[in-house]
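# Examining the three-dimensional arrangement
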Amino acid sequence: MVERVGRAREPGRARWRGGGTGRHGPPGKVRGAVALALMAGGLTACGGGGGTPKLTWYINPDSGGQAAIAKSCTQAAGGKYRIETSLLPSDATAQREQLIRRLAAKDSGLDLMSLDPVFVAEAANAGFLRPFAKGEAAPLTEGVFDTAVQSSMWEGKLYAAPFWANTQLLWYRKSVAKKAGIDPAAPGFTWDKLLDAANRTNTTIGVQGNRYEGYMVWINALIASAGGRIISDAEKGDEASIDIDSPAAEQAASIISRLARSSAASPTLSTDIEEQSRATINGPRGGFLLNWGYVWRAEKGDAEAGAIDKSIIGDLGWARYPRVNPQQESKPPFGGIEIGIGAYGKHRDDLAVEAVRCITSAANMKRYMLDEGNVAARPAIFDDPDILKEFPMAPLMRDSIATAGPRPATPYYADVSGAIQNRWHPPASVNPNTTPRKSAEFIREVLQGKALL
Amino acid sequence: MTSADTALKRPAGAPAKAEISDRGRAERRLGLLLSAPAVIVMLLVTAYPLINAVYQSLFSYRLTAPDDRRFVGLGNYGTALSDPLFWQTVVTTLIITVVTVGVELVIGFALAMVMHRAVFGRRTVRTAILLPYGIVTVISAFAWKYAFDVQSGFVNSWFGLGDFAWFSDRWAATFVIILSEIWKTTPFVSLLLLAGLAQVPRDLGEAATVDGATAWQRLKRVTIPNMKAAILVAVLFRTLDAWRIFDNVFIMTSGQEKTQVLSFLTYQQIITRTELGLGNAVGVLLFLSVVLIAAVFIKGFRVDLSQVRGD
């Protein structure tokens, strides 16, 4: 028996070894080929540029709209400079992590960057962004939403140029609203009415409840709509005044907790990000959705591709972000992208400024809105017939952006947002009586470096 | 000539030091010279960052506010050790480590036996068993995440779980993290155990069979005692790996629902918050815990690392 096993084993071993020697031959050749390919790549990389100065623009992922603008600005520059894009990670927090690390290391190859407005204060305060001089700032801010300009400033100076602005709307299925007997577009439509309608029709309200920046957007919009704020005197850094322990935050917490514990919550609410919440409105229980402006384009694209039922587009309605108090106008979320100039780039004082002017021109904003469905930062563009044809909700978007409630501008934004997400997550654990107070205490501890996050 | 040879030829009782010849000294110097580049590289890539981390952990220091840096002594360690979050992550990490290493040891042993005993299709069997280990952890984490996802996953429809949200519950999420970790690294354990199995002399088993021992008795009294060293090395390596788990947690839950582990806690302080002082303190604590685990194994269980090489 032993012998049989032994014999059976040998051929196996031989094959194993044989395979090994067989594999040893090619790698040498492969290595050579790889080396040649690398050298060739290096040569073309060196030869391609011609002497035109290169500007590297770190962009958030999109469907190619920013790359197209980089190309057209390169052409418009007529050989003065060329813009190359480099891709950042997909979520805002990870984008910030990469940019901050590069800037802290004084990366001279970081010329332009697409920045989430909430990170402008941190980067500006750390000296990572090149401020725009008064003369340079004027064309970048005239005719631009004031909310977008304010979000690009730090201590009175403009540190980034608004490129596109964003806001959330209440998207809803007209059939569901009809069944519930409500008009979400009517003035005075509140979260209470929304929750009631969803519960009565057994439909869902899609929101972003994952522990990430999108959840902070929701919390901030609710607090701002109730007339409160999270922090003030942000310039004082870790001595800033923390205002989240307030009746407004209690109202916000009450809405989140009621939604999370009702049948209107998506089953995966505590891990839902934008795209998951968008999927809920297309599902069998789809009713309502709080989400950014990109939804319109995304839904139309999905319907054309056959991923969702075509009838959904005709059934899709939109309204302003719901109110918290019936008598008080809501403050919808504010987002978008601003273009900043790296403080250590070689061409920061001349070519980079020109490039920012080109990228954020009205023509490019309009083009980007048509290409990507992302909303322009200049209100005048919303009256453009091309835009109105493509985005029937453009006037509503414009009014929402103009009266939006931005998230707090503070150099410690990541800590503030992280601390709030920590104490307010999962949404079903939120308690209006304790969560605002506990989060206020926690923000203070985190800001003073006395707590882990 | 090795030192063992010298020792054998040395007359008993003679003092060792006086015996070193010129040639021996030259060889020793050559040995030092030959290993010097490796030692220098090790110092550069391991010792320097380590010392730097310890140094930075003594400051209140934020990457985005370098001017506000101030010395706080061991304050950051006090903050970390007195924070309930730190101990919560320690517990989570401990649970993941104990469960994964325990389960992997059992399954890994079974797979090692299969690989050892396979009579035909030996190469196919080994390849099939080792395949998960060849997959990048991040990729496998995504695969498991999507499998258990309510919208895109198949697990819920297979088992009729409706819209059970795996990642919205602490224990369900930890379960999936553990499952993917086991799937991914059991092959590594079975590989180490296979090496141990191959070292067990076959005639011992045969003798036991002749004496009438059952298969269970042979396994318990002959095979396992003879491969104790391999088992301990496998447990040590896997414990250290599991203790430093990061990718699965990062991809699947990003630490929410109390699934934070020690490495992730370090990542959040240093990379996300750019709190270099506090983050490095957590990192140093993680390092010390790793040293402690290794010391317990090597001193306590007398693991001889030279016996089995797993990598």
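Residues numbered from 1 in each chain as written. Chains lettered and ligands numbered in written order. Predicted model: local features only at pLDDT ≥ 70, side-chain atom pairs only at ≥ 80, totals over all residues. Heavy atoms only, no water.

In the nomenclature of an unreviewed UniProt entry, chain B corresponds to Sugar ABC transporter permease from the organism Actinomadura darangshiensis. The UniProt entry for chain B carries the following text under Sequence similarities (unreviewed entry): "Belongs to the binding-protein-dependent transport system permease family." What UniProt states about chain B under its Subcellular location (unreviewed entry) heading is, verbatim, "Cell membrane". (UniProt positions renumbered as here; feature names shortened; annotations may be inferred.)

Looking now at the overall build of chain A. A count of helices and strands for chain A gives 19 helices and 12 strands. Looking at chain A as a whole, 56% of its 453 residues qualify as buried. Of the contacts formed within chain A by residues at least 6 apart in sequence, a portion of 75% connects residues at least 24 apart. Split by element, the accessible area of chain A, about 18500 Å² in all, is 53% carbon and sulfur. (Helix = DSSP H or I, 4+ residues; strand = E, 2+ residues; numbered from the N terminus. Buried < 20%, exposed > 50% of the residue type's maximum accessible area, 1.4 Å probe, protein only. Contact = heavy atoms within 4.5 Å. Areas by Shrake-Rupley, 256 points an atom, 1.4 Å probe, with all protein chains shown as cover.)

Residue and element names in this part refer to chain B. Within this structure's numbering, the places UniProt gives as "transmembrane region" (unreviewed entry) are residues 30-51, 85-112, 124-144, 164-183 and 281-301. The span residues 30-51 is 100% helical and 0% strand by assignment, and the distance between its end C-alpha atoms comes to 29 Å. Counting secondary structure, residues 85-112 comes out at 100% helix and 0% strand; the distance between its end C-alpha atoms is 39 Å.

With that settled, the discussion passes to the state of the cysteines. Residues and elements named next belong to chain A. Scanning all chains against the criterion turns up 1 disulfide over all chains. Bridging Cys73 to Cys358, the disulfide has an S-S length of 2.0 Å. Where Cys73 bonds to Cys358 through sulfur, the torsion about that S-S bond is close to -95 degrees, and the disulfide is left-handed. Pair noted here: Cys73 is in helix H2 (residues 65-76) and Cys358 is in helix H14 (residues 351-359), with a separation of 285 residues, a long-range link. A relative accessible area of 18% means that Cys358 is categorised as buried. (Disulfide = S-S within 2.5 Å.)

This part covers helix H14 (residues 276-300) of chain B. Over its 25 residues, H14 of chain B runs 35 Å from end to end, which matches the ideal 36 Å to within 8%, given 1.5 Å per residue. Among the residues trailing H14 of chain B, Arg302 of chain B stands out with phi positive, at a value near 50 degrees. (Expected span 1.5 Å × (residues − 1).)

Here we take up the UniProt feature "domain: ABC transmembrane type-1" (unreviewed entry) in chain B. Following the UniProt record, one finds the feature "domain: ABC transmembrane type-1" (unreviewed entry) at residues 90-297 of chain B. Across residues 90-297 of chain B, the secondary structure splits into 76% helix and 0% strand, with the terminal C-alpha atoms separated by 19 Å.

Residue and element names in this part refer to chain A. Taken domain by domain, chain A comprises domain 1 (54-165 + 335-398) and domain 2 (167-333 + 407-447). Of note, the centres of domain 1 and domain 2, computed from C-alpha atoms alone, are 26 Å apart. At the junction of the two partners, domain 1 supplies 24 residues and domain 2 supplies 22 residues. Broken down residue by residue, the surface that domain 1 buries against domain 2 is led by Val118, Met393 and Leu396, which jointly contribute 28%. (Domains from an automatic or database assignment. Buried area = accessible area lost by both parts, 1.4 Å probe.)

One finds Trp191, Ile205, Ile244 and Phe288 of chain A to be the most contacted residues of the largest nonpolar core, which totals 82 residues. Each of domain 1 (54-165 + 335-398) and domain 2 (167-333 + 407-447) of chain A contributes no fewer than three residues to this core. Counting 42 residues, the second-largest nonpolar core is a separate cluster that includes Met115, Leu194, Ile231 and Ala281 of chain B. (Core = buried A, V, L, I, M, F, W, Y, C linked by side-chain atoms within 4.5 Å.)

Looking now at unusual backbone geometry. Of note, the amide linkage connecting His425 of chain A to Pro426 of chain A takes the cis form, showing an omega dihedral of -5 degrees. Assignment of secondary structure puts Pro426 of chain A in the loop between helix H18 (413-424) and helix H19 (435-447). Positive phi outside glycine occurs at Glu257 of chain B, with the angle close to 55 degrees. Position of Glu257 of chain B relative to the elements: it lies in the loop between helix H12 (247-252) and helix H13 (262-272). With a phi close to 50 degrees, Thr274 of chain B is a non-glycine residue in the positive phi region. Structurally, the position occupied by Thr274 of chain B is in the loop between H13 and H14.

A full pass over the atoms with the stated rule returns 36 salt bridges over all chains. For Asp349 of chain A, the salt bridge is made with Arg130 of chain A, and the minimal N-O distance between the two is 2.6 Å. Of this pair, Asp349 of chain A sits in the loop between strand E12 (334-341) and H14 while Arg130 of chain A sits in the loop between helix H4 (120-125) and helix H5 (134-141); the two residues are 219 residues apart in sequence, bridging distant segments of the chain. Residue class for Arg130 of chain A comes out buried when judged on its relative accessible area of 10%. One network of salt bridges, with partners in common, ties together Glu104, Glu181, Arg238, Asp241 and Arg244 of chain B. (Salt bridge = Lys/Arg side-chain N within 4 Å of Asp/Glu carboxyl O.)

Moving on to the interface of chain B and chain A. Facing the 39 residues of chain B at the interface are 35 residues of chain A. Buried area between chain B and chain A, summed over both chains or domains, comes out near 3200 Å², and the portion from carbon and sulfur atoms is 51%. Applying the counting criterion to the chain B and chain A interface returns 2 salt bridges. Taking the shortest distance from any N to any O, the salt bridge between Arg62 of chain B and Asp415 of chain A comes out at 2.6 Å. Here chain B is connected to chain A by 15 residue pairs in polar contact (both at pLDDT 80 or more). Of all the secondary structure elements, the ones that give two or more residues to the side of chain B that touches chain A are helix H3 (75-82), helix H4 (84-117), helix H5 (122-130), helix H9 (202-210), H13 and H14 of chain B. Take the side of chain B that touches chain A: its biggest share by element is 6 residues, from H13 of chain B. Its residues assigned to classes, the side of chain B that touches chain A shows 13 nonpolar, 13 polar and 13 charged. (Polar contact = N/O pair within 3.5 Å; in protein donor to acceptor, adjacent residues only side chain to side chain. Nonpolar A, V, L, I, M, F, W, Y, C, P; charged D, E, K, R; others polar.)

This part is about the packing of H2 of chain A against helix H15 (residues 362-372) of chain A. Angle between the axes and distance between the axes are the two parameters that describe a pair of packed helices. All names here are of chain A. Contact pair H2 / H15: the axes reach a minimum separation of 9 Å and the direction vectors enclose 145 degrees. For the element pair H2 and H15, the recorded crossing hand is right-handed. From H2, Gly65, Gln66, Ala68, Ile69, Ser72 and Cys73 reach across to H15, where they touch Asn364, Arg367, Tyr368 and Glu372. Residue classes in the contact of H2 with H15 are distributed as 4 nonpolar, 4 polar and 2 charged. (Axes fitted to C-alpha atoms, helices over the stretch in contact; angles between N-to-C directions. Left-handed = near helix turned anticlockwise from the far one by under 90°.)

On to the pairing of strand E3 (residues 112-115) of chain A. Residues and elements named next belong to chain A. On E3, burial covers both faces: Leu112 and Ser114 on one face and Met113 and Leu115 on the other are all buried. As judged from the 2 bridges shared by strand E1 (residues 54-59) and E3, these two strands associate in the parallel manner. Following the sheet pairing, Trp57 is matched in E3 by Leu112. Looking at chain direction, E3 and E12 are connected through 4 bridges and run antiparallel. Its bridge partner being in E12, Leu115 is matched across the sheet by Glu338. (Pairing = 2+ DSSP bridges.)

Next up on the list: the side chain of Arg96 of chain A. You can see Arg96 of chain A is positioned in helix H3 (residues 92-104). For Arg96 of chain A, a relative accessible area of 3% translates into the label buried. Here Arg96 of chain A is in contact with Phe119, Glu122 and Ala414 of chain A together with Thr272, Arg273 and Thr274 of chain B, once residues within four sequence places are set aside.

We now examine the packing of aromatic side chains. Residues and elements named next belong to chain B. Summed over the entire model, instances satisfying the criterion amount to 27 aromatic pairs over all chains. Between Phe142 and Tyr146, the aromatic rings sit 5.9 Å apart at their centres with planes inclined by 20 degrees, giving stacked as the arrangement. Within this pair, Phe142 and its partner Tyr146 are both found in helix H6 (residues 137-148), separated by 4 residues, close to a single helical turn. On the basis of relative accessible area, Phe142 is assigned to the partly exposed category, the value being 32%. Take Tyr146: its relative accessible area is 45%, and that puts it in the partly exposed class. Plain terms: the ring middles of Phe148 and Trp166 are 4.9 Å apart, the flat faces sit at 85 degrees to each other, and that makes the pair edge-to-face. Taken together, the positions of Phe148 in helix H6 and Trp166 in the loop between helix H7 (155-158) and helix H8 (170-199) put the pair 18 residues apart, joining distant regions of the chain. Look at Trp166 and you get buried, because its relative accessible area is 11%. (Phe/Tyr/Trp six-rings, centres within 6.5 Å; stacked < 30°, edge-to-face > 60°.)

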